[in-house]
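# Breakdown of the fold
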Amino acid sequence: MHWPLLLALEAAWAGLGQATQHYPAMWGHYDVCKSQVYSDEGLTWDYMACQPEAADMTKYLRVALEPTNITCGDPAETYCALENPYMCNNECDASTKELAHPPELMFDFEGRNPTTFWQSTSWRKYPKPLLVNITLSWNKTIELTDDIVITFESGRPEQMVLEKSLDYGRTWLPYQFYATDCLDAFTMEPRTAQDLTQHTLLDVICTEEYSRGYVWKYDKTVRFEIKDRLALFAGPRLHNMASLYGQLDTTKNLRDFFTITDLRIKLLRPATGATMVDENNLSRYFYAISDIKVQGRCKCNLHANSCVFDKEKLVCECEHNTTGPDCGRCKRSYQGRVWSPGSYLPIPKGTANISCNCDPFGSESERCNATGFCKCKSGTTGKHCSECLPGYLWDSGCKSQVCDDELLRCQNGGVCLSNLRCQCTVGFSGVLCEKPHCESEAAGCGGPDSARNTSCPSSAHLLLLLLALATASCWPAAL
């Protein structure tokens, strides 16, 4: 008697599974940067590509509006409904909390009733355009992972541009144009994201899909379709992530396309609901936004799996001996090779591309072991191989030996100065004063004018000296 119920539950569960698997929650995992493994050398680190999880990035942004006085309420103003010019009971007053519509209401928790929203002044200066720039800044490079969604409360604008910046707002590039008539507004043929292919994915298009008037007043959202573009490589449900990751690894322009530091929403013309503007009731025309969604992750170049919000700024918690806001350079004392980003491939772990090794001089040390200490070679020592062993000179990459007072004494009367160099006597040179100057002369050390003639005794002189010493030592016995 319970079979019908069980079958119904199974069908419901299957349907829920399909619904939740329409798109993966994130682009793969890559949530581990390193793990300890045993090898022939003992316990060592196995490094992997890693990245932070995707998150709601509107929690970490700063918003700026231009003009700065474009928000309604100063002075207080009464607004009419777009679809009914005689319904004029909406008041905006910045001095009253219940009637104010400041910019932060674009990012608060939606679900309350009535809906909260930011609102602009009305189009009271018509026919002068009602222009508004809304700039979202993160002071950090982020990678978009889901559609950008803007929800309007007063009818979607008839003309709008979404722009991006990759250099913290110094320069801007268009992401997408929106208009009721693309040819008239921007001299562009209308297209949709569904018209794009793998070869045209990076095209900047104008779409008429999100600019309908008040007749479609329940269609409130304007989108920039991230997932539709990703699906061109990963398939309709983003199941073929290997293909997408391969493209992201090998095509820098593709990776940059989904990377931003700032977004700018340029509102150019509000919804009018008609071909003509009612100049007798301009309080019907304004902008109002209740919600903006931006889903993404910190860009850490696949060298970090965590990003923290510290001192009003997002910062990657870098691994793999890297540092910087985006893990974009090697740590000090780990600059043995040129830095490089990690790689998504091969799935599922990727490649960390450890280029920031222990040795500051290149290949003279090995990777760190599981205790975090480097296995140093060729005259280097210390945790990071950043010090020279006694008898080796830092300026030469710990390759040149210098003097000390024990094993590497200066020769031929030279004096060791601070373990850095030998101060040689006249007629000698070399690291340890081991080379007579005459060796470099054309006539050699036997020439009449050689340094050896003046500073180095000949064989005959040495023999006479030894005989004299022997005779002197025997003289008391003779007495």
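Residues numbered from 1 in each chain as written. Predicted model: local features only at pLDDT ≥ 70, side-chain atom pairs only at ≥ 80, totals over all residues. Heavy atoms only, no water.

Per an unreviewed UniProt entry, the recorded name for the chain is Netrin-G1, and the organism is Paramormyrops kingsleyae. What UniProt records for the chain under Function (unreviewed entry) is the sentence "Involved in controlling patterning and neuronal circuit formation at the laminar, cellular, subcellular and synaptic levels. Promotes neurite outgrowth of both axons and dendrites." Heading Subcellular location (unreviewed entry) of the UniProt record for the chain holds this comment: "Cell membrane". (UniProt positions renumbered as here; feature names shortened; annotations may be inferred.)

## Some points on the overall build of the chain
A count of helical and extended segments in the chain gives 7 helices and 28 strands. Out of the 479 residues in the chain, the part that is buried amounts to 41%. A sequence separation of at least 24 residues applies to 61% of the contacts in the chain between residues at least 6 apart. Within the structure as shown, the chain displays about 26600 Å² of accessible surface, and the carbon and sulfur contribution to it stands at 54%. (Helix = DSSP H or I, 4+ residues; strand = E, 2+ residues; numbered from the N terminus. Buried < 20%, exposed > 50% of the residue type's maximum accessible area, 1.4 Å probe, protein only. Contact = heavy atoms within 4.5 Å. Areas by Shrake-Rupley, 256 points an atom, 1.4 Å probe, with all protein chains shown as cover.)

## So, the sheet that holds strand E15 (residues 288-293)
Spatially, the 4 strands line up as an open sheet ordered E7-E15-E9-E13, and their pairing is antiparallel. What marks the edges here is a single partner per strand, and that holds for strand E7 (118-119) and strand E13 (221-224). Strand direction decides the pairing type here: strand E9 (residues 148-152) and E15, joined by 4 bridges, are antiparallel. From the neighbouring strand, Ile150 faces E15, where its bridge partner is Ile292. (Pairing = 2+ DSSP bridges.)

## Observations regarding the packing of aromatic side chains
The geometry of an aromatic ring pair is captured by two quantities: the separation of the ring centres and the angle between the planes. Inspection of the entire model under this criterion finds 13 aromatic pairs. Relative to Tyr344, the ring of Tyr30 lies with its centre 5.4 Å away and its plane at 70 degrees, an arrangement referred to as edge-to-face. Taken together, the residues span a long stretch of sequence, with Tyr30 in the loop between helix H1 (3-20) and strand E1 (34-39) and Tyr344 in the loop between strand E20 (329-330) and strand E21 (365-368) at a distance of 314 residues. An identical accessibility class is assigned to Tyr30 and Tyr344; each is buried. Between the aromatic rings of Trp123 and Tyr126, the centroid separation amounts to 4.9 Å while the plane-to-plane angle is 90 degrees, which identifies the pairing as edge-to-face. (Phe/Tyr/Trp six-rings, centres within 6.5 Å; stacked < 30°, edge-to-face > 60°.)

## Regarding helix H4 (residues 241-250)
Within the sequence span of H4, burial applies to Met241, Leu244, Tyr245, Gly246 and Leu248. On its buried face, H4 sits against helix H3 (227-234) and helix H5 (252-257).

## Some remarks on the layout of surface pockets
Taken as a whole, the second largest pocket encloses approximately 330 Å³ of empty space. Lining the second largest pocket are 13 residues, and of these Pro67, Ile70, Thr121, Lys125 and Leu130 sit closest to its centre. Of the residues assigned to the lining of the second largest pocket, the class counts are 6 nonpolar, 3 polar and 4 charged. (1 Å grid on protein atoms, 1.4 Å probe; cavity = no way out; pocket = protein on both sides within 12 Å on 5 of 7 lines; lining within 4 Å. Points joined across faces, edges and corners; volume = space filled by probe spheres on them. Nonpolar A, V, L, I, M, F, W, Y, C, P; charged D, E, K, R; others polar.)

## Some remarks on the nonpolar core
Residues Trp118, Ile134 and Trp138 are the most contacted members of the largest nonpolar core, which totals 63 residues. For this core, the element with the most residues is strand E8 (residues 132-144), which contributes 6 residues. Residues in contact with Trp138, not counting those within four places in the same chain, are Met57, Tyr60, Leu61, Ile260, Thr261, Asp262, Leu263, Val294 and Leu314. In this structure, Cys416, Phe428, Leu432 and Cys433 belong to the second largest nonpolar core, which totals 8 residues. (Core = buried A, V, L, I, M, F, W, Y, C linked by side-chain atoms within 4.5 Å.)

## Considering the state of the cysteines
Overall, the coordinates contain 9 disulfides when judged by the stated rule. Note on cysteine connectivity: Cys298 is disulfide-linked to Cys307, with sulfurs 2.0 Å apart. Its S-S torsion of about -70 degrees marks the bond between Cys298 and Cys307 as left-handed, since a negative value means left-handed. Given the relative accessible area of 21%, Cys307 is considered partly exposed. (Disulfide = S-S within 2.5 Å.)

## Notes on the pattern of salt bridges
Side chains that differ in charge, positive against negative, can pair when their charged atoms come close. Inspection of every chain in the model, using the stated rule, returns 14 salt bridges. Across the pair Lys140 and Asp326 runs a salt bridge whose closest N-O atoms are separated by 2.5 Å. With Lys140 in strand E8 and Asp326 in the loop between strand E19 (322-323) and E20, this residue pair connects regions lying 186 residues apart in the sequence. The two residues Lys140 and Asp326 agree in class, both being buried. Its salt-bridge partner being Arg284, residue Asp278 comes within 3.6 Å of it at the nearest N-O pair. (Salt bridge = Lys/Arg side-chain N within 4 Å of Asp/Glu carboxyl O.)

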